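Take a look at the letters that make up each chain.
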Amino acid sequence: MCWGRPFPLIMCIQLDNTARENMNSIVFEYFSMLVNQGMFRKVKVNFLGHTHDHIDQMFSTFSRKLSGYDAFTLPKLFDIICDACTPRVNVFHLKEICDFKI
């Protein structure tokens, strides 16, 4: 399947360190499927444990930026989020995703 290249070659993801929600075979089977389908060359997974420093800092940056602007459309929200971070982040709108757990 050809996905084009709107996505990076390597997906880096940070997850909470919870077996019920993140540290289970279904999540890693899904990541494996993304690699096998050619969407990513590699998936790097980091578990945050009890600290959420990175993700909390990023969402704090989004929140501060959003407090000064109205974002009534997805394109406007994406622009504000992208402008909030240095270096700029990539924002993707996933319109559909399969129910992988079935």
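All values derive from a computational prediction rather than experimental measurement.

Reading the values: the criteria
Along each chain, numbering runs from 1 in the same order as the chain's sequence is written. Since the coordinates come from a predicted model, pLDDT governs what is reported: local features require at least 70, and pairs of side-chain atoms require 80 or more to be given and counted, while whole-chain, interface and lining totals use all residues. Side-chain numbers come from the whole structure's heavy atoms, not from hydrogens or water. Note that a disulfide, as used here, is simply two cysteine sulfur atoms within 2.5 Å. Put simply, a patch holds well-exposed residues, over 30% relative accessible area, that have no salt bridge, with like charges counted together within 9 Å and Val, Leu, Ile, Met, Phe, Trp or Tyr side chains within 5 Å. For the area figures, the Shrake-Rupley method with a 1.4 Å probe applies, and any residue is considered shielded solely by the protein chains shown. Basic side-chain nitrogens of Lys or Arg form a salt bridge, by our definition, when they fall within 4 Å of a carboxyl oxygen of Asp or Glu. The classification of residues rests on relative accessible area computed with a 1.4 Å probe and restricted to protein chains. Under 20% of the type maximum is buried, over 50% is exposed, and intermediate values are partly exposed. What counts as a helix is a DSSP run of H or I of at least four residues, what counts as a strand is a run of E of at least two, and both are numbered from the N terminus. Between two residues, a contact is recorded if the distance between any of their heavy atoms is within 4.5 Å. A helix is expected to span 1.5 Å for every residue after the first. Directions drawn from the helix axis to the C-beta atoms are what define this arc. Centre distance within 6.5 Å is the pairing criterion for rings of Phe, Tyr and Trp, where only the six-membered ring of Trp is used; planes under 30 degrees apart are then read as stacked, over 60 as edge-to-face, and the remainder as tilted. A pair of strands counts as paired when DSSP detects no fewer than two bridges linking them. Look down the strands so they point away from you; if going from the first strand over the helix to the second traces a clockwise path, that crossover is right-handed.

### Some words on the state of the cysteines
Working step 1: Enumeration according to the criterion identifies zero disulfides in this entry.
Working step 2: Cysteine 82 provides the cysteine sulfur closest to cysteine 85, a residue in no disulfide bond, and the two sulfurs are 8.2 Å apart.

### What to know about a nonpolar patch on the surface
Working step 1: Where nonpolar side chains cluster on the molecular surface, the patch consists of Met23, Phe28 and Phe47 and spans about 250 Å² of accessible area.
Working step 2: Judged by relative accessible area, phenylalanine 47 falls into the partly exposed class, the value being 33%.

### Overview of the side chain of threonine 61
Working step 1: Topologically, threonine 61 is positioned in helix 2 (residues 53-66).
Working step 2: Overall, the relative accessible area of 19% leaves threonine 61 in the buried class.
Working step 3: Each residue touching threonine 61, except ones within four places of it in the same chain, is listed here: Ala84 and Cys85.

### A few points about helix 1 (residues 25-36)
Working step 1: In this model, helix 1 (twelve residues) spans 16 Å end to end at C-alpha, consistent with the 16 Å of a helix rising 1.5 Å per residue.
Working step 2: Here helix 1 has its buried residues at Val27, Tyr30, Phe31 and Leu34. Seen end-on, helix 1 carries its buried residues on one side only, within an arc spanning 95°.
Working step 3: Where helix 1 is buried, its residues contact strand 1 (10-15) and strand 2 (42-47).
Working step 4: The first or second residue beyond helix 1 is glycine 38, which carries a positive phi of 85°.

### What about the packing of aromatic side chains?
Working step 1: Per the counting criterion, the structure on display carries four aromatic pairs.
Working step 2: Between the aromatic rings of phenylalanine 28 and phenylalanine 47, the centroid separation amounts to 6.4 Å while the plane-to-plane angle is 50°, which identifies the pairing as tilted. In this pair, phenylalanine 28 sits in helix 1 while phenylalanine 47 sits in strand 2, placing the two residues 19 residues apart along the sequence.
Working step 3: Here a set of aromatic residues connected by ring pairs shows up, and it is made of Phe28, Tyr30, Phe31 and Phe47.

### Thoughts on the pairing of strand 1
Working step 1: Of the pairings in the sheet, the one linking strand 1 to strand 2 comprises six bridges and is parallel in character. Residue pairing in the sheet places isoleucine 10 in a bridge with lysine 42 of strand 2.
Working step 2: The parallel pair strand 1 and strand 2 is bridged by helix 1, and the resulting crossover is right-handed.

The analysis is restricted to geometry; functional conclusions fall outside its scope.
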